[in-house]
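# Results of the structural survey
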Amino acid sequence: MSEFIRKDGRKYDELRPIKIEAGVLERADGSAYLEFGGNKILVAVYGPRESYIRRLLKPNTGVIRCRYNMAPFSVDDRKRPGPDRRSSEISKITADALRPALMLENYPRSMIDVYIEVIEAEGGTRCAGITAASVALVDAGIPMKDIVVGCAAGKVDDEVVLDLSEYEDKEGQADIPIAIMPRTGEITLLQSDGDLTEEEFQKAIDLAMEGCLKVSELQKEALMKKYSTEQ
Ligand code: UDP
């Protein structure tokens, strides 16, 4: 198992190179830029604020709204601009993954907006988007129980591997993106696409959890870098 080398030269438990920067946009309340392998993702956060879409506000709690969007030039075949089924699904699961970390009950009748712009995509954008969004939420000064982090594992060439590239996502047998709150290990996103035995599934979850903990360190480093130099 540990001898297995992937098409891009990675070991089974190796992440792609990752770069995270906090606070990259002047006009947003919070922002982050993330590179995760070939993924390039920019996130802007606004709020908590009043919204002009009054029907979305709730009297007893705040609301988080996420918009995941892929630029037309972010993938090999031009992506048709505007929302589609996939982006609506990812927007929803992103809000669901981040919500448990937010203390929304403290912000009745307000809205937190999270805009995730995928500038280049190379597999694993939903996890990368959640990871970047969480850094941007911290950058916006929004109190959170934890910094949510995402990472996928899957099955390629009958091996359970960490962090699928686009090629592995397309050619592989299974993809399991997860997001967690690293302090407690609580899972806030779990999706599963493909065929795995029970044992492989457990192995993939363990591997994705380990991946999340490694990425979590990089989120904290990015925030420390931004806030320790500004003092
Ligand atoms: N992709 C693409 N065109 C699209 C949507 C996705 O080429 O319209 C690519 C992109 O690289 C993406 C990958 O397929 O990262 C896997 O997409 P999936 O739906 O599995 O979501 P992701 O792995 O990005 O969370």
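Residues numbered from 1 in each chain as written. Predicted model: local features only at pLDDT ≥ 70, side-chain atom pairs only at ≥ 80, totals over all residues. Heavy atoms only, no water.

### Overview of the nonpolar core
Formed by 62 residues in total, the largest nonpolar core has its most connected members in Val43, Val45, Val114 and Leu137. The leading source of residues in this core is helix H4 (residues 198–229), at eight residues. Once residues lying within four places of it in the same chain are set aside, the contact partners of Val43 are Leu25, Gly30, Ser31, Ala32, Val114, Tyr115, Ile116, Gly129, Ala132, Ala133 and Ala136. (Core = buried A, V, L, I, M, F, W, Y, C linked by side-chain atoms within 4.5 Å. Buried < 20%, exposed > 50% of the residue type's maximum accessible area, 1.4 Å probe, protein only. Helix = DSSP H or I, 4+ residues; strand = E, 2+ residues; numbered from the N terminus. Contact = heavy atoms within 4.5 Å.)

### Comments concerning the sheet that holds strand S2 (residues 30–36)
Strand order in the open sheet made by the five strands is S1-S2-S3-S5-S4, with mixed pairing throughout. Edge positions in the sheet fall to strand S1 (18–22) and strand S4 (63–70), since each of these pairs with one other strand and no more. Along the sheet, successive strands turn relative to each other by an average axial angle of 15°, direction set aside. Inspection of the sheet shows S2 paired to strand S3 (residues 39–49) by seven bridges, in the antiparallel sense. Bridging from a neighbouring strand, Ala32 pairs with Val43 of S3. (Pairing = 2+ DSSP bridges. Axes fitted to C-alpha atoms, helices over the stretch in contact; angles between N-to-C directions.)

### Digging into the site of the ligand
As a structural note, the neighbourhood of the ligand is formed by Met70, Val75, Arg86, Ala121, Glu122, Gly123, Gly124, Thr125, Arg126, Glu166, Asp169 and Lys170. Note that an oxygen atom of the ligand is positioned 3.1 Å from one of the side-chain N or O atoms of Asp169. Mapped by element, the contributors of at least two residues to the shell around the ligand are helix H2 (125–139) and helix H3 (166–171). The biggest single contributor to the shell around the ligand is H3, with three residues. The class makeup of the residues in the shell around the ligand is three nonpolar, three polar and six charged. (Near = heavy atom within 4 Å. Polar contact = N/O pair within 3.5 Å; in protein donor to acceptor, adjacent residues only side chain to side chain. Nonpolar A, V, L, I, M, F, W, Y, C, P; charged D, E, K, R; others polar.)

### A closer look at the packing of aromatic side chains
Applying the stated criterion across every chain yields a total of one aromatic pair. With a centroid separation of 6.0 Å and an interplanar angle of 75°, the aromatic rings of Tyr46 and Tyr115 are classed as edge-to-face. Taken as a pair, Tyr46 in strand S3 and Tyr115 in strand S5 (residues 111–120) lie far apart in primary sequence, 69 residues in all. Residue Tyr46 is classed as partly exposed on the basis of its relative accessible area of 23%. Sitting over the face of the ring of Tyr227, Lys226 holds its NZ or CZ atom 5.8 Å from the ring centroid. (Phe/Tyr/Trp six-rings, centres within 6.5 Å; stacked < 30°, edge-to-face > 60°. Lys NZ or Arg CZ within 6 Å of the ring centre and 35° of its normal.)

### Things to note about the pattern of salt bridges
Evaluated as defined, the whole model comprises 19 salt bridges. For Arg6, the salt bridge identified is with Glu168, shortest N-O distance 2.8 Å. In this pair, Arg6 is assigned in the segment before S1 and Glu168 in helix H3, connecting sequence segments 162 residues apart. For the residue pair Arg6 and Glu168, the accessibility class agrees, reading buried in each case. For Arg10, the salt bridge goes to Asp8, with nearest N and O atoms at 3.0 Å. Put simply, Arg6, Asp8, Arg10, Arg16, Glu122, Asp163 and Glu168 are held in one network by salt bridges that share partners. (Salt bridge = Lys/Arg side-chain N within 4 Å of Asp/Glu carboxyl O.)

### Topic: the packing of helix H1 (residues 85–98) against H2
Here H1 crosses H2 at 45°, and the two axes come no closer than 10 Å. With respect to their mutual orientation, H1 and H2 come out oblique. Read as a crossing pair, H1 and H2 show a hand that is right-handed. Residues Arg86, Glu89, Ile90, Ile93, Thr94, Ala97 and Leu98 of H1 lie in contact with H2, whose contacting residues are Thr125, Arg126, Ile130, Ala133, Ser134 and Leu137. Tallied by class, the residues present in the contact of H1 with H2 amount to seven nonpolar, three polar and three charged. (Parallel < 35°, antiparallel > 145°, perpendicular 65-115°, else oblique. Left-handed = near helix turned anticlockwise from the far one by under 90°.)

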